[in-house]
Amino acid sequence: MYNEKVMKVFADPKNVGEVENYDAIGTVGNATCGDIMQITLKIDNDVITDAKFKTFGCAAAIATSSTATEMIKGKTLDDALKITNKQVVEELEGLPPQKLHCSVLAEEAIKAAIEDYRKKQGA
Ligand code: FES
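Remember, predicted model here, so these are calculated numbers, not experimental data.

(A) Looking closely at the pattern of salt bridges. All chains considered together, the criterion is met by ten salt bridges. Lys-111 is paired through a salt bridge with Glu-107; the nearest N and O atoms lie 2.7 Å apart. With Lys-111 and Glu-107 both in helix α5 (residues 102-121) and four residues apart, this pair spans about one turn of that helix. On the accessibility criterion, Glu-107 (17% relative accessible area) is buried. It is possible to trace a salt-bridge network through shared partners that takes in Asp-50, Glu-70 and Lys-73.

(B) Focus on the nonpolar core. The biggest cluster of nonpolar side chains holds 36 residues, and the ones touching the most others in it are Tyr-2, Met-37, Ile-39, Leu-41, Ile-43, Ile-48 and Ile-72. If you list the elements that add at least two residues to this core, you get α1 (4-11), β1 (24-29), β2 (36-44), β3 (47-56), α2 (59-72), α3 (77-81), α4 (85-91) and α5. With residues up to four places along the chain from it excluded, the contact list for Met-37 reads Gly-26, Thr-27, Val-28, Phe-53, Lys-54, Thr-55, Ala-61, Ser-65, Leu-105, Ala-106 and Ala-109.

(C) Representation of the pairing of β3 within the structure. Relative to β3, β2 runs antiparallel, the two being bridged by nine bridges. Note that in β3 the partner of Leu-41 across the bridge is Ala-51. Hairpin connection of β2 to β3: two residues between the antiparallel strands, including Asn-45 at a positive phi of 55 degrees.

(D) Spotlight on the pairing of β2. In terms of strand pairing, β1 meets β2 through six bridges, oriented antiparallel. The partner of Ile-25 across the bridge, within β2, is Thr-40. In this antiparallel pair of consecutive strands, β1 and β2, the connection spans six residues, and Gly-34 shows a positive phi of 85 degrees.

(E) Region of the structure containing α2. Helix length check: α2, at 14 residues, gives a terminal C-alpha distance of 20 Å against a target of 20 Å (1.5 Å per residue), a fit within 8%. Of all the 14 residues making up α2, 13 are buried; the element is thus mostly covered by neighbouring parts of the structure. Positive phi shows up at Gly-74, right after α2, with a value of about 90 degrees.

(F) Geometry of α5. A rise of 1.5 Å per residue sets the reference length of α5, with its 20 residues, at 28 Å; its end C-alpha atoms lie 30 Å apart and thus fit the reference within 8%. Listing the buried residues of α5 in full gives Cys-102, Ser-103, Leu-105, Ala-106, Glu-107, Ala-109, Ile-110, Ala-113, Ile-114, Asp-116 and Tyr-117. Where α5 terminates, the next one or two residues include Gly-122, which has phi positive at roughly 75 degrees.

(G) Quick peek at unusual backbone geometry. The phi torsion at Asp-46 lies on the positive side, around 70 degrees, for a residue other than glycine. Despite not being glycine, Glu-93 has its phi angle at roughly 60 degrees, a positive value. Relative to the assigned elements, Glu-93 resides in the loop between α4 and α5. A relative accessible area of 57% means that Glu-93 is categorised as exposed.

Thresholds, definitions, all that
Within any chain, residue numbers begin from 1 and follow the written order of that chain's sequence. Since the coordinates come from a predicted model, pLDDT governs what is reported: local features require at least 70, and pairs of side-chain atoms require 80 or more to be given and counted, while whole-chain, interface and lining totals use all residues. The side-chain figures draw on all heavy atoms in the structure; neither hydrogens nor water molecules are used. The rule for a salt bridge is simple: a side-chain nitrogen of Lys or Arg has to be within 4 Å of a carboxyl oxygen of Asp or Glu. The helix count covers DSSP runs of H or I at least four residues long, the strand count covers runs of E at least two residues long, and both are numbered beginning at the N terminus. Categorising residues by exposure relies on relative accessible area from a 1.4 Å probe, with only protein chains included: less than 20% of the type maximum marks a residue as buried, more than 50% marks it as exposed, and the intermediate range marks it as partly exposed. For our purposes a nonpolar core is just a set of buried Ala, Val, Leu, Ile, Met, Phe, Trp, Tyr and Cys residues, chained together by side-chain atoms within 4.5 Å. Working rule for contacts: check all heavy atoms of both residues, and any pair within 4.5 Å makes them a contact. A pair of strands is considered paired only if DSSP assigns at least 2 bridges between the two. What a helix is expected to span follows from its residue count: subtract one and scale by 1.5 Å.

See the structure below:
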């Protein structure tokens, strides 16, 4: 059901775990399936220098989180906020339609983490 690229990323995901001494943390649940995703970020001068994820989710959630965390590294917070689940899915060359909701988890967790960071900064 998954394409080759998704299977490859799922089999060898990047950025699994938790960033040491993270500056921001975002945890979200998926309304459709109840799965959970946590993203931690290291932020330096408004730029994301490291990103890691942990998930109780399916293969699609793992593949999209791996890809999304790779995409936001080196980006400013504003640019990271512009990344959509659609772009992540495109990067993975597509997901089965019934799995598209899984890709929303990473996008939402990134947004939650950035919000957490900005709140802590008092911005
Ligand atoms: Fe829950 Fe994919 S089925 S994240």
